[in-house]
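Here are the chains, one letter per residue:
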Amino acid sequence: MSLRDALIYDARGQVLRELAAQGFDDWQFHRAATPAEAVALHERGGCRVGIAVFDQALDPIPDPLARLVAEAEVEWVALASPEALMHPVLGPFIVHTFHDYHTLPLDPPRLRVTLGHAHGKAERRHQMRDASLRSSGRFGMTGRSPAMQRLYRQLDKVVGADAPVLLSGESGTGKELVARAIHDYSARADGPFVAMNCAAIPASLIQSELFGHEKGAFTGALQRKIGNIEASDRGVLFLDEIGDLSLELQANLLRFLQEMNVVRLGATRHVDVDTRVVAATHVDLHSAVAHEQFRADLFYRLDVVHLHLPPLRERVEDIALLAHTIFDKYATQHPTPVRGFSDEAVQAMEAHLWPGNVRELINRVRHAMIMSEHRLILPEDLGLAAPVDTPPVMTLQRARTHLDRDMIERSLRQNHCNVSQSARQLGISRVTLYRLMNRLNINP
Ligand SMILES: Nc1ncnc2c1ncn2[C@@H]1O[C@H](COP(=O)(O)OP(=O)(O)OP(=O)(O)O)[C@@H](O)[C@H]1O
Ligand SMILES: [Mg+2]
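The text that follows walks through the structure, step by step, so that each part is easy to find. Remember, predicted model here, so these are calculated numbers, not experimental data.

Moving on, we come to unusual backbone geometry. A cis amide bond, omega 0°, links Asp 59 with the succeeding residue Pro 60. Residue placement: Pro 60 occurs in the loop between β3 (49–54) and α3 (63–70). Note that the residue after Leu 104, namely Pro 105, is joined by a cis bond; omega there is 5°. Of note, Pro 105 is situated in the loop between β5 (100–103) and α6 (108–134). In this structure, Glu 292 takes a positive phi of about 60° despite not being glycine. With respect to the helices, strands and loops of the structure, Glu 292 is situated in the loop between α12 (285–290) and α13 (296–302). Take Glu 292: its relative accessible area is 66%, and that puts it in the exposed class.

Let us look at the pattern of salt bridges. Applying the stated criterion across every chain, the model contains 18 salt bridges. Among the salt bridges present, the one from Glu 170 reaches Arg 313, with a minimum N-O distance of 2.6 Å. Note that Glu 170 is positioned in the loop between β6 (165–168) and α8 (175–184) and Arg 313 in the loop between β14 (305–308) and α14 (317–333), a separation of 143 residues in sequence. Exposure remark for Arg 313: the relative accessible area of 36% places this residue in the partly exposed category. The residue Asp 297 makes a salt bridge to Arg 295 at a minimum N-O spacing of 2.8 Å. Residue classification places Asp 297 among the partly exposed residues on the basis of a relative accessible area of 34%.

As enumerated under the stated definition, the model contains nine aromatic pairs in all. Aromatic ring contacts, followed pair by pair, group Phe 24, Trp 27 and Phe 29 into a single cluster. The cationic tip of Arg 112 hangs over the ring face of Phe 24; the distance from NZ or CZ to the ring centre is 4.4 Å.

Looking along a regular strand, one sees side chains alternate from face to face of the sheet. Among the six residues that make up strand β4 (residues 75–80), six are buried, leaving the element largely enclosed by the rest of the structure. A two-sided burial pattern is seen for β4, the buried positions comprising Glu 75, Val 77 and Leu 79 on one face and Trp 76, Ala 78 and Ala 80 on the other. In terms of strand pairing, β3 meets β4 through six bridges, oriented parallel. Paired with Val 49 across the strands is Glu 75, a residue of β4. Sheet topology note: the β4/β5 ladder contains four bridges and is parallel. Bridging across to β5, Leu 79 finds its partner in His 102.

For the rest of this paragraph, the subject is the site of ligand 1. Close to ligand 1 lie 15 residues, the nearest being Thr 142, Ser 171, Gly 172, Lys 175 and Arg 359. Between ligand 1 and the protein, one listed contact pairs an oxygen atom with a side-chain N or O atom of Lys 175 at 2.6 Å. At 3.1 Å from an oxygen atom of ligand 1 is found a main-chain nitrogen or oxygen belonging to Leu 177. Contact with the protein chains removes 80% of the 630 Å² of surface that ligand 1 exposes when unbound. Only α8 and α16 (357–371) provide two or more residues apiece to the shell around ligand 1. Of the residues assigned to the shell around ligand 1, the class counts are six nonpolar, five polar and four charged. Mapping the shell around ligand 1 onto the domain boundaries places at least three of its residues in each of domain 2 (146–308) and domain 3 (313–382).

We now examine the sheet that holds β5. Strand order in the open sheet made by the five strands is β2-β1-β3-β4-β5, with parallel pairing throughout. One side of each edge strand has no neighbouring strand; the edge strands of this open sheet are β2 (27–32) and β5. Between one strand axis and the next, the sheet turns through 25° on average, direction left out of account. Note: strand β1 (residues 4–9) against β3, four bridges, orientation parallel. Pairing of Ala 6 across the sheet is with Val 49, part of β3. Along the sheet, helix α5 (residues 90–97) contacts β3, β4 and β5; its crossing angle with β3, the most-contacted strand, is approximately 160°.

Right, let's get into the environment of Arg 264. Among the secondary structure elements, Arg 264 is positioned in the loop between β11 (261–262) and β12 (271–272). Residue Arg 264 is classed as buried on the basis of its relative accessible area of 11%. Once the C-alpha coordinates of Arg 264 and Gly 169 are considered, the two residues, 95 residues apart in sequence, prove to be 33 Å apart. The residues touching Arg 264, leaving out its near neighbours within four places in the chain, are Phe 211, Gly 212, His 213, Glu 214, Arg 224, Lys 225, Ile 226, Glu 230 and Val 271.

Moving on: the side chain of Ser 145. Assignment of secondary structure puts Ser 145 in the loop between α6 and α7 (146–160). Among the residues examined, Ser 145 registers a relative accessible area of 1% and is labelled buried. Not counting the four nearest positions on each side in its chain, Ser 145 is found in contact with Arg 315, Glu 317 and Asp 318.

Counting residues in hydrophobic clusters, the biggest one holds 28 residues, and the most contacted among them are Ile 229, Leu 239, Ile 242, Leu 253, Phe 256 and Phe 294. The biggest single contributor to this core is helix α11 (residues 247–259), with five residues. Once you skip the residues sitting within four places of it in the chain, Ile 229 turns out to touch Leu 210, Phe 211, Leu 237, Leu 253, Phe 256, Val 262 and Val 273.

Calculation rules
- Residues numbered from 1 in each chain as written.
- Chains lettered and ligands numbered in written order.
- Predicted model: local features only at pLDDT ≥ 70, side-chain atom pairs only at ≥ 80, totals over all residues.
- Heavy atoms only, no water.
- Helix = DSSP H or I, 4+ residues; strand = E, 2+ residues; numbered from the N terminus.
- Buried < 20%, exposed > 50% of the residue type's maximum accessible area, 1.4 Å probe, protein only.
- Salt bridge = Lys/Arg side-chain N within 4 Å of Asp/Glu carboxyl O.
- Phe/Tyr/Trp six-rings, centres within 6.5 Å; stacked < 30°, edge-to-face > 60°.
- Lys NZ or Arg CZ within 6 Å of the ring centre and 35° of its normal.
- Pairing = 2+ DSSP bridges.
- Near = heavy atom within 4 Å.
- Polar contact = N/O pair within 3.5 Å; in protein donor to acceptor, adjacent residues only side chain to side chain.
- Areas by Shrake-Rupley, 256 points an atom, 1.4 Å probe, with all protein chains shown as cover.
- Nonpolar A, V, L, I, M, F, W, Y, C, P; charged D, E, K, R; others polar.
- Domains from an automatic or database assignment.
- Axes fitted to C-alpha atoms, helices over the stretch in contact; angles between N-to-C directions.
- Contact = heavy atoms within 4.5 Å.
- Core = buried A, V, L, I, M, F, W, Y, C linked by side-chain atoms within 4.5 Å.

Structural data, given as structure tokens:
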């Protein structure tokens, strides 16, 4: 019988004694008497499930405990006295952050079921996280930096909800890519994806582009035209550069979002439309609202879910991965004698600030692939300055990186690429090892 490990925060130890007497033989409980001990036990790793005993009200909730419970890798079950559950601070904390809670006194058969379920869920969560750390990205995007992991977690929730989404982020950070992912990974995937750039269409045409018109509605309206809103029925309408929409059209769009129907120009009847609006902006809509250039009521309608796409300079870890992915993609389309990137090129890319973000990276890599006269792309092929500190100076940081890489690679070889065994050998947690492997671009 294999034992399952559970951390139990039980200040007085009373519940643990009862559990032992009740024969939870397939569980190994690790008791912490204080929140600090619980944190230390958690950091040692191995526990997928946590039990927190609140046999009396606890106020305020100690910060380390609150953070530990909110941590996603462990599923927490609360065993709480009725008094603790009724407490104005502790009660909501238990209900909202825990996997489940039971009211004391202990009900062993019920607890056994709950713990088993919590363990299964934590195990599954762990596998999903490992898979996403090992893959190069999700939702059709490349990147495994913490900033991108956060975006993926948000997208997991967003695709399932049917609310409007507002995307913000600098030029070239992937707003349109995310809008497509919201379509492709949602229940609307079989419906249309209609994209419209509000900045690129002349003001005189936007009205009919959005709402459509009947034949003869205005001079030049020779035929009936279905507008983009109507065309996106049962799908997703992507409104790019929404900040450039005139105040008049903002009012029309707001009316649509409230009523979910449109009246074509020159028509008398309305048509019901079921669409999900995803809007994007590279301007700060908050300040546009403050300057009365953007309607506050429309803003709040669109801003139900807000996703911010991080600029490339805030996820340097992703740059080499993105560059290689782009390289591989174009190398299969257009065979090239260029074999890849020199170390100097990777360093130069990681040092560059990328005002044009991923789009700029794609352009520079493609340019280099076509123009480079070397086997490996050099910084100048990318139009970037060579890193300043060549010839390489052995800084402390670099020496550490070398040592880390050396030891991790050696340990992985010795352990036949078993990450858990390597982590144990190196005296770090598996999570930390994965993080280091990502940063150093080591592939198990
Ligand atoms: N994380 C990513 N992984 C892979 N490709 C990406 C990623 N982010 C962006 N791209 C690619 O970069 C290019 C620019 O992305 P996109 O058009 O979605 O940016 P944007 O935010 O809409 O930019 P703009 O504000 O200029 O319209 C596209 O070719 C897109 O496929
Ligand atoms: Mg765009």
